[in-house]
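As a plain string of letters, each chain reads:
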Amino acid sequence: MPNTTRRAVFGLVGAGAAATMLRPGRAAAATPADTLVIAKNIDDILSLDPAEVYEFSSGEIINNVYDRLITFDPADYSKPVGGAVESWTVSPDGRTYTFKVRKGLKFGTGRALVAKDIVYSLTRVVVLNKTPGFILTQFGWTAQNAADLIKAPDDDTVVLTFDKAYAPSFIINILSAGVASVVDSEVLTSHEANGDYGYAWLKTRSAGSGAYRIVTWNAKQAVVLEAASSYWRGTPPIKRIVFNHVAEATAQRLLVEKGDADIARDLTADQIHALASSPALAFQSAPKTTIIYFQLNQTYEPLTKPKVQEAFRWLADYQGMADSFLKGQYGVREGFITTGLPGALTEAPYHLDVAKAKQLLTEAGYPNGFDLEVTVFNTAPYTQIAQSLQATLGQAGIRVKLTQLDKAEVFTIIRARKHQATLAYWSPDYLDDNSTANWFGWCTDIADNAKTHTAAWRNHWLIPELSKETDDALLEPDTAKRNATYEDIQRKTRDSGPLFVLFEQNEQIVLRKNVTGFVLGPSFDTPVYWQTKKARA
Amino acid sequence: MGYAHRGWIVARTGLDLALTFVLTVAGLIVITFVIGRFLPTDPVVAIIGDRAPHDVYVATRIAMGLDKPIWVQLARYAGRLLTGDFGTSVLSSQPVLDDLGRFFPATLELATVSSVVAVIVGVPLGVVAAVKERTWFDHVIRVVALIGYSVPVFWLGLVGLLVFYARLDWVAGPGRIDIAYQYSIPPVTGMALIDTLLAGDLDAFRSVVSHMLLPVGILGLYSMAYITRMTRSFMLEQLSAEYVTTARVKGLREGRVVWRHAFANIAAPLVTVIALAYANLLSGSVLTETIFAWPGVGLYITQSLFSADLNAVLGGTIVIGVCYIAINLLADALGRVLDPRMRAT
């Protein structure tokens, strides 16, 4: 062997040996016993200020960091219960509510939560008026009148006055939303800059009385929470929660399989199926308020014909999709209120019927169908649903051109109302039927500069009568009657118009078997961790 | 040649380099800025989300200065840049410089270690392959290099994780360090290997090494493939040159012929090749960073781009661009030292 080769070979062998020695022995399952590690895609977090939080991941986090005026018992999400307030009375005219503040709530500084904190919190949402601000300003609250309508006569009492006698269930449901989180007014006042109510400071931090505090938020890396020992419902058993940003579902699967993560949140239906037999893993699922719907822009002539709109409803293979690629992550839902919520419809009259659809298209004057551009997100399950629709619509002669784009790009197109048809998802902003009914059944002005942009507006669907019905439901004091109205609005939007619902989400997650007590709840911002426990693996 | 004249040449070369540097960076900023403004994604929608009310949309648009003409926006941005202000990332709500201070060291560390491995393995392999041209040794090396060059990093990463992490348990999985150590090591340099040593925590250091093995292996293989191929072809050219034949005829030992004569002559172009490979890794490997949940600058820029977070994209591009140009200039300077012929110009 020539010298050169020998030297090179020895060099390589040496390097290899060194590398082998460096190889550390891997200890088995690795997360510390007092820490819960969650593998999740958290790149949607834009802010952690409850006055601004509007995204899924941040909604979940602030639900565990702040107390809202009204909350839910994790054992029963159908009934709202007192959170930062423990009881309330309503004035005879139904416009003024007097709340009693719950005793024993403590902020991170150790100071007790009092009425002025609640007033400060609600007022700052109204004045800052960030994206979710409308949830409170729809009560007629403005920066100018807030001081008169949101008041604290003493430390234990909060008095809220509304511009109308809204349905009591509506008011209470709204006060369970993220914008009704109570922040520490003294801490925020000390961090105020240019009258921003501490917004710049709070965006990346926390000042709440909830079960956990935010220790670190490194965007696109991790959010770390630490338990608050003073939490009024009891000190949480888990001391630290780490939301680890893992964008790749396959990586999430490997992490939870190996025990390097305790919960994997974004696995695909196939992956969950594949893990089903693993003895170390448990599965949890919960029906969610998220729905997927199809929308037809009324600027495109064929889509304005009622018979064409009906034909579309007979051209989706609802059950076929649910049984095949959706694999339990989505179920058929044709009304916009989802399973388990008041007003949810039990019937689903539409199914795939190509002959009927063809007949309707012929009657509408389109015996040979027409061309249609469908714009969809380039992610699962939207691409698969769109492909299925493309096939079934094609059978009736509607020639679909699919345009698959990144989410933000699709949003840009839809907001500018430049689409013909798209698949979209919806999840209510607060747990009250009005949030969704308003989105699907309210539009009194389709002009570009209209004040309110709902799904109906986005598709140029002018519906003054339905809008009135939706508005009236807000003021209906009788809850049973109110629910019946939402059923009626649902049937009307289901059976006519350019918006039709296809599926509701059923969130599926995978946990290590030693993790118990984690509750997902029905909405994106309802998961709670304060009861979660982790036995020694 | 007088000293004064030499001094003038050095000064002029320095001035040339500085001017090239400034113009390239300026061009980079203008082009990235303009492209960013023509993206099909509305940056306002990206920040406030899909469903924000119209009045919030309008207010945010004005707050971001997007209602102004593009040249005004560019001028404002450039003005702030001169004061060292890269703006705030809308997604992280942090100054872009702070973000880069967290993301860039992760990439720097991965790229540096991978490059060192690639050079230590790749250069000798290339030399040996050239010396033993057309033997089985050469063929094996060429096939390995071909695999490293052509197999998608994404696939290789996933298979690597499946085999070495999930099945064999030899290495740690995605991430930079085990969760147990993640928030107990104070970040000093941002480079986990150095920070864990500074903290004197050997267990944490081993955890970091274990997490690095796979991504380093994959990026190293990718870089090594390139370096090996280039070394081999540079060497082949030299080995067929007349001076090598002369040296051999003179009876010099083969080792001396190969390393002292032939290899010395390829040092300059090889430095350029290595510098390029290093610069490539430094710009971040999006796919590798995605699979290994590695919070690096490639991932940062890509995610920011998808969310139309323009300050973040611009900041990231400028930092990487500056590194790229600096490494090239450095390689150029090194080349001049290593190769007398390049000094004349």
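Residues numbered from 1 in each chain as written. Chains lettered and ligands numbered in written order. Predicted model: local features only at pLDDT ≥ 70, side-chain atom pairs only at ≥ 80, totals over all residues. Heavy atoms only, no water.

Participant: Which parts of the structure should I look at to understand the sheet that holds strand β6 (residues 150-154) of chain A?
Facilitator: What holds strands together in a sheet is hydrogen bonding between their backbones, with the strands either parallel or antiparallel. Residues and elements named next belong to chain A. What the 4 strands build is an open sheet, ordered β4-β5-β7-β6; its pairing is antiparallel. The sheet is open, and its two edges are formed by β4 (85-90) and β6, each paired on a single side. Direction aside, the axes of adjacent strands within the sheet are offset by 25° on average. Both β4 and strand β5 (residues 96-101) contribute to a ladder of 5 bridges, which runs antiparallel. Residue Trp88 lies in a different strand from β5, and its bridge partner there is Phe99. Sitting on the sheet, helix α3 (residues 115-128) touches β4, β5, β6 and β7 (157-161), and the angle it makes with β6 is about 170°. (Pairing = 2+ DSSP bridges. Helix = DSSP H or I, 4+ residues; strand = E, 2+ residues; numbered from the N terminus. Axes fitted to C-alpha atoms, helices over the stretch in contact; angles between N-to-C directions. Contact = heavy atoms within 4.5 Å.)

Participant: For this particular structure, what's the right way to read the pairing of β6(A)?
Facilitator: In the case of a regular strand, side chains alternate between the two sheet surfaces. Residue and element names in this part refer to chain A. Sheet topology places β6 next to β7; 3 bridges connect them, and they run antiparallel. Its bridge partner being in β7, Lys151 is matched across the sheet by Val159. The turn linking β6 back onto β7 is made up of 2 residues.

Participant: Got a minute to help me understand the domain arrangement of chain A in this structure?
Facilitator: Many structure descriptions define interface size as the accessible area lost when the parts assemble. All names here are of chain A. Split by domain assignment, chain A resolves into domain 1 (3-46 + 210-280 + 513-534), domain 2 (67-198) and domain 3 (287-506). Facing the 11 residues of domain 1 at the interface are 10 residues of domain 3. Broken down residue by residue, the surface that domain 1 buries against domain 3 is led by Ala269, Pro522 and Phe524, which jointly contribute 56%. The tally of links from domain 1 across to domain 3 stands at 1 salt bridge. One salt bridge in this structure joins Asp270 and Lys327, with 2.3 Å as the shortest N-O distance. Joining domain 1 to domain 3, the criterion identifies 7 residue pairs in polar contact (both at pLDDT 80 or more). Among the residues making up the side of domain 1 that touches domain 3, the classes are represented as 6 nonpolar, 4 polar and 1 charged. (Domains from an automatic or database assignment. Buried area = accessible area lost by both parts, 1.4 Å probe. Salt bridge = Lys/Arg side-chain N within 4 Å of Asp/Glu carboxyl O. Polar contact = N/O pair within 3.5 Å; in protein donor to acceptor, adjacent residues only side chain to side chain. Nonpolar A, V, L, I, M, F, W, Y, C, P; charged D, E, K, R; others polar.)

Participant: Please explain the pattern of salt bridges as it appears in this structure.
Facilitator: Opposite charge on two side chains permits pairing when their charged atoms draw close. Residues and elements named next belong to chain A. Inspection of every chain in the model, using the stated rule, returns 36 salt bridges over all chains. One salt bridge in this structure joins Arg494 and Glu347, with 2.9 Å as the shortest N-O distance. One end of the pair, Arg494, is in helix α19 (residues 479-495); the other, Glu347, is in the loop between β13 (330-332) and α13 (354-363), and 147 residues separate them in sequence. Asp495 is the salt-bridge partner of Arg494, the closest N and O atoms lying 3.0 Å from each other. Take Arg494: its relative accessible area is 7%, and that puts it in the buried class. (Buried < 20%, exposed > 50% of the residue type's maximum accessible area, 1.4 Å probe, protein only.)

Participant: Before we go on, may I ask you to explain the interface of chain B and chain A in this structure?
Facilitator: Between chain B and chain A, the residue contacts involve 62 residues of the former and 57 residues of the latter. Regarding the contact of chain B and chain A, the summed buried area is about 5,500 Å², with carbon and sulfur atoms giving 60% of it. For the pair chain B and chain A, the interface holds 1 salt bridge. Of the charged contacts, one joins B:Asp169 and A:Lys258 as a salt bridge, the two residues approaching to 3.5 Å between their closest N and O atoms. On the surface where chain B and chain A come into contact, there are 5 residue pairs in polar contact (both at pLDDT 80 or more). Top element by residues in the side of chain B that touches chain A is helix α5 (residues 96-131) of chain B. It accounts for 7 residues. Its residues assigned to classes, the side of chain B that touches chain A shows 39 nonpolar, 12 polar and 11 charged.

Participant: What's the story with helix α7 (residues 153-167) of chain B in this structure? I'm lost.
Facilitator: Note that an α-helix has 3.6 residues per turn; residues three or four places apart therefore point the same way. Residues and elements named next belong to chain B. Under the 1.5 Å per step criterion, the end-to-end length of α7 is 20 Å for 15 residues, consistent within 8% with the ideal 21 Å. Of the residues making up α7, those classed as buried are Val153, Leu156, Gly157, Leu158, Gly160, Leu161, Tyr165 and Ala166. One or two steps after α7, the chain reaches Asp169, where phi turns positive at roughly 65°. (Expected span 1.5 Å × (residues − 1).)

Participant: Where do I start with the side chain of A:Thr454 in this structure?
Facilitator: Residue and element names in this part refer to chain A. Within the secondary structure, Thr454 is located in the loop between α16 (433-441) and α17 (455-458). In terms of polar contacts, Thr454 uses its side chain to reach the backbone carbonyl oxygen of Trp442, at 2.6 Å. Beyond its immediate sequence surroundings of up to four residues, Thr454 is in contact with Asn438, Trp439, Trp442 and Cys443.

Participant: It is not clear to me how the packing of aromatic side chains should be interpreted in this structure. Could you clarify?
Facilitator: Counted according to the given criterion, the structure contains 35 aromatic pairs over all chains. On the basis of an interplanar angle of 65° and a centroid distance of 4.6 Å, the ring pair of A:Phe139 and A:Phe162 is categorised as edge-to-face. Separated by 23 residues along the polypeptide, A:Phe139 in the loop between α4 (134-137) and α5 (146-149) and A:Phe162 in the loop between β7 and α6 (168-174) bring together distant segments of the chain. Accessibility expressed as a relative area gives 0% for A:Phe162, which makes it buried. Measuring from centroid to centroid gives 5.3 Å for A:Phe336 and A:Phe440, while their planes differ by 5°, and the two rings are stacked. Here A:Phe336, found in the loop between β13 and α13, pairs with A:Phe440, found in helix α16; they are 104 residues apart in sequence, far enough to count as distant. Both residues of the pair, A:Phe336 and A:Phe440, belong to the buried class. An aromatic cluster of at least three residues, connected via ring pairs, comprises A:Trp88, A:Tyr97, A:Phe99, A:Phe139, A:Trp141, A:Phe162, A:Tyr166, A:Phe170 and A:Tyr430. The ring of A:Tyr199 carries the charged tip of A:Lys130 above its face, separated from the ring centre by 4.3 Å. Of note, A:Lys258 hangs over the ring of B:Tyr165, and the distance from its end group to the ring centre comes to 5.6 Å. (Phe/Tyr/Trp six-rings, centres within 6.5 Å; stacked < 30°, edge-to-face > 60°. Lys NZ or Arg CZ within 6 Å of the ring centre and 35° of its normal.)

Participant: Is there a simple way to explain the packing of helix α14 (residues 297-306) of chain B against helix α15 (residues 310-338) of chain B in this structure?
Facilitator: For any two helices packed against each other, the geometry comes down to the angle between their axes and how far apart the axes lie. All names here are of chain B. Remark: α14 packs on α15, axes separated minimally by 8 Å, with the N-to-C direction vectors making an angle of 145°. Of the two possible hands of crossing, α14 and α15 adopt the one that is left-handed. On α15, the residues that touch Val297, Tyr300, Ile301, Ser304 and Leu305 of α14 are Ala312, Val313, Gly316, Thr317 and Ile320. Split by residue class, the contact of α14 with α15 holds 7 nonpolar, 3 polar and no charged. (Left-handed = near helix turned anticlockwise from the far one by under 90°.)

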